[in-house]
Amino acid sequence: MPNLKAVKNALVSVYYKDGLDEILAKLHQEGVTFFSTGGTQAFIESSGFPCRSVESLTGYPSILGGRVKTLHPKVFGAILNRRDNEMDKEQITQYEIPEIDLVIVDLYPFRETLASGADEQDIIEKIDIGGISLIRAAAKNYNDVLIVASKNQYPALNDLLSKQGAKSSLQERKWFAKEAFAVSSAYDCAIFNYFDEDAKTYFRQTCDYPQMLRYGENPHQKGFFYGKLEEIFEQLQGKEISYNNLLDINAATDLIAEFNELTFAVLKHNNACGIASRPTVVDAWKAALAADPVSAFGGVLIANARIDKAAADEITKIFFEIIIAPDYDDDALEILNQKKNRIILLQKQNPTSSLQFRSLLNGVLAQDKDLSIQTETDLKTVTEKSPSNREIDDLLFANKIVKNTKSNAIVLAKNKQLCASGTGQTSRVDALKQAIEKAKMFNFDLNGAVMASDAFFPFPDCVEIAHNAGITAIIQPGGSIKDNLSVEYCNKNNISMVMTGIRHFKH
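Residues numbered from 1 in each chain as written. Predicted model: local features only at pLDDT ≥ 70, side-chain atom pairs only at ≥ 80, totals over all residues. Heavy atoms only, no water.

Asks: If you had to explain the packing of aromatic side chains to someone new, which residues and values would you point to?
Replies: Under the criterion given, the structure shown has 13 aromatic pairs. Ring centres 6.4 Å apart and planes at 65° place the aromatic pair phenylalanine 34 and phenylalanine 49 in the edge-to-face group. With a gap of 15 residues between them, phenylalanine 34 in strand 3 (residues 33–36) and phenylalanine 49 in the loop between helix 2 (38–46) and strand 4 (52–53) connect regions that are remote in the sequence. Judged on exposure class, the residue phenylalanine 34 and its partner phenylalanine 49 are both buried. The interplanar angle of 80° and the centroid separation of 5.3 Å between the aromatic rings of tyrosine 194 and phenylalanine 195 together place this pair among those described as edge-to-face. Three or more aromatic residues joined by ring pairs form one cluster here, namely Phe110, Tyr187, Tyr194 and Phe195. If you follow lysine 151 out to its NZ or CZ, it ends over the ring of tyrosine 16, 4.3 Å from the centre. The ring of phenylalanine 192 has arginine 204 lying over it, and the distance from NZ or CZ to the ring centre is 6.0 Å. (Phe/Tyr/Trp six-rings, centres within 6.5 Å; stacked < 30°, edge-to-face > 60°. Helix = DSSP H or I, 4+ residues; strand = E, 2+ residues; numbered from the N terminus. Buried < 20%, exposed > 50% of the residue type's maximum accessible area, 1.4 Å probe, protein only. Lys NZ or Arg CZ within 6 Å of the ring centre and 35° of its normal.)

Okay, structure coming up:
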């Protein structure tokens, strides 16, 4: 057993009291003396435990409307004194400062107050001063002091108290100090971002709730996820979600969020290999699967409507890893549950982050998320021929898909069904040829189909290739100095073209 240090005195000052009573009882049983302030002192005493006020230690009352309670040399001397330092020993004896061995403190709910839409005065008052100072002091002096900086660490403290009483090892105190600095850094990050007012002056982001994954993108790479997936999904069954699963799930939720009408999509490696909008889930599934039944094997399935038995009967005929939907009928779940490793997710809400970032070179690359999607009023017809109502529906449908497809990207669609796409190609011509070849492979008739491009056409070659394949309407952002060449080709060959003015690169 490593050398353990006993807790004799504890400073307890918390905003959240949930779960505190059990800890207090164990500490009291070990003979620990409590120091506290205000509401926490009242809570401790109402729980039946004696408690000394911080005011009795400092000789000063809480002042400035509670802004100053613990900010005093006797409090911080009690925490920061080094037990093996002779000068520190002499000074705490001289000034009658006790040794505080345990600090249990949390912080005012700044982020919660901000999220509630409170006014500026209320938000500023929730910037904790005393608490954050106590956390830093106790964590710095982990050699002698145990710091518990959040109610999330109560279970760990409870386990420690149950196993060995009010004693801790250096390794344990260092772990709690690490957790404390995680709390304080996240808190300061939230405050900075409030004052920064979305100016992105500096990059400051934190994320709690770490989850170690089986591995990263490949088995030789470590993988982690930071966040609360349970806020977005309820996992009804299946194996542990992997790193690559999460990438596909993210791509799937981004794609399906574009659609208001009933839509079903199949994704593989972050790209849609099938998607269709239909009146029923089973019809949408069949149409989505038809676009590429080969790639659908082992894919990620997502729908924006309840999965019923009729759909489940058809879906379960192929192997897939994940299915995501806002709800499932009980008899549909009975069918889908038959493969125990199959991941079944109930989506409770859409992700709300508006900022995207990734590590790059020796820094971080950040951008606003592409939340722009075009409607009929955003379309500018640039050809003599205007698209029909059916073609407009298909153009908007295809544009939503191409926005969520790796660049260079081309999407071919007809009757609100993906016929094929060319994804991640080094040239737009190659992307189009890939899409046409794939459509033919699965017996799609491209006569009357539409084409969407994520970026402009620098030359009319793509328009010509598309025309020869049967495409009759095109949607693209425009912006090339040679846009007129593509428009002229369309005019000569009775093709309609609309421009959106919005590019949708995705890398």
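Asks: Requested: an account of the sheet that holds strand 10 (residues 233–237), with residues and values cited.
Replies: The sheet built from six strands is open, its strands ordered 10-15-14-13-11-12 with mixed pairing. Each having just a single partner strand, strand 10 and strand 12 (271–277) make up the two edges of the open sheet. Put simply, the sheet's adjacent strands are angled 20° from each other on average, direction ignored. Inspection of the sheet shows strand 11 (residues 263–268) paired to strand 13 (residues 299–303) by four bridges, in the antiparallel sense. Residue valine 266 lies in a different strand from strand 13, and its bridge partner there is leucine 301. Sheet contacts for helix 12 (residues 281–291): strand 11, strand 12 and strand 13; angle to strand 12, the most-contacted strand, approximately 140°. (Pairing = 2+ DSSP bridges. Axes fitted to C-alpha atoms, helices over the stretch in contact; angles between N-to-C directions. Contact = heavy atoms within 4.5 Å.)

Asks: Kindly report on the environment of isoleucine 475, identifying the contributing residues and their values.
Replies: Here isoleucine 475 lies in strand 22 (residues 473–476). For isoleucine 475 and leucine 379, which are 96 residues apart along the polypeptide, the C-alpha to C-alpha distance reads 8.4 Å. The residues touching isoleucine 475, leaving out its near neighbours within four places in the chain, are Leu379, Leu395, Asn399, Met451, Ala452, Ser453, Val498 and Thr500.

Asks: Could you give an account of helix 1 (residues 20–29), with specific residues and numbers?
Replies: Within the sequence span of helix 1, burial applies to Leu20, Ile23, Leu24, Lys26 and Leu27. Down the axis, helix 1 shows its buried residues gathered within 165° of arc, on one side only. Buried residues along helix 1 sit in contact with strand 2 (9–13), strand 3, helix 2, strand 5 (102–105) and helix 9 (154–164). A positive phi of about 85° marks glycine 31, the residue just after helix 1. (Arc of directions from axis to C-beta.)

Asks: Could you give an account of helix 18 (residues 483–492), with specific residues and numbers?
Replies: For helix 18, the full list of buried residues reads Asp483, Ser486, Val487, Tyr489 and Cys490. Projection of helix 18 onto a plane perpendicular to its axis shows the buried side chains occupying an angular sector of 160°, all on one side. At the C-terminal side of helix 18, asparagine 494 shows a positive phi close to 60°.

Asks: Any details on the nonpolar core? Residues and values, ideally.
Replies: By size, the foremost hydrophobic cluster in this structure holds 67 residues, and its most contacted members are Ile324, Leu412, Met451 and Ile474. Among the elements that line this core, the one with the most residues is helix 15 (residues 389–403), at seven residues. Not counting the four nearest positions on each side in its chain, isoleucine 474 is found in contact with Leu395, Met451, Phe457, Val463, Cys490, Ile495, Ser496, Met497 and Val498. (Core = buried A, V, L, I, M, F, W, Y, C linked by side-chain atoms within 4.5 Å.)

Asks: Explain the pairing of strand 23 (residues 496–499) residue by residue, including any values.
Replies: Because side chains alternate across strand 23, one face comprises the buried residues Ser496 and Val498, and the other comprises Met497 and Met499, equally buried. The pairing of strand 18 (residues 380–381) with strand 23 spans two bridges and is antiparallel. Note on strand 23: the bridge partner recorded for threonine 381 is valine 498. When strand 22 meets strand 23, the two strands line up parallel, connected through four bridges.

Asks: Could you give an account of the side chain of threonine 383, naming the residues involved and the relevant values?
Replies: For threonine 383, the location among the structural elements is in the loop between strand 18 and helix 15. The class for threonine 383 is buried, based on a relative accessible area of 10%. Within the local environment of threonine 383, its side chain forms a polar contact with the backbone oxygen of lysine 385, the two atoms lying 2.8 Å apart. For threonine 383, the contacting residues outside a window of four places in its chain are Val487, Cys490, Asn491, Ile495, Ser496 and Met497. (Polar contact = N/O pair within 3.5 Å; in protein donor to acceptor, adjacent residues only side chain to side chain.)

Asks: Break down unusual backbone geometry for me, citing the residues and quoting the values.
Replies: Going from serine 407 to asparagine 408, the amide bond is cis rather than trans, its omega being -10°. Its place among the elements puts asparagine 408 in the loop between helix 15 and strand 19 (410–413). Even without being glycine, tyrosine 209 reaches a positive phi, approximately 60°. Tracing the backbone shows tyrosine 209 in the loop between helix 10 (170–196) and strand 8 (210–212).

Asks: A description of the sheet that holds strand 21 (residues 450–453) should follow, citing residues and the corresponding values.
Replies: Taking strand neighbours across the sheet as the criterion, the six strands line up as 18-23-22-21-19-20 in an open arrangement whose pairing is mixed. A single partner strand is all that each edge strand has here, and the edge strands are strand 18 and strand 20 (418–422). Alignment of strand 19 against strand 20, held across four bridges, turns out to be antiparallel. By the bridge assignment for strand 20, alanine 413 is matched with leucine 418. Lying on the sheet, helix 18 is in contact with strand 22 and strand 23; it crosses strand 23 at an angle near 150°.

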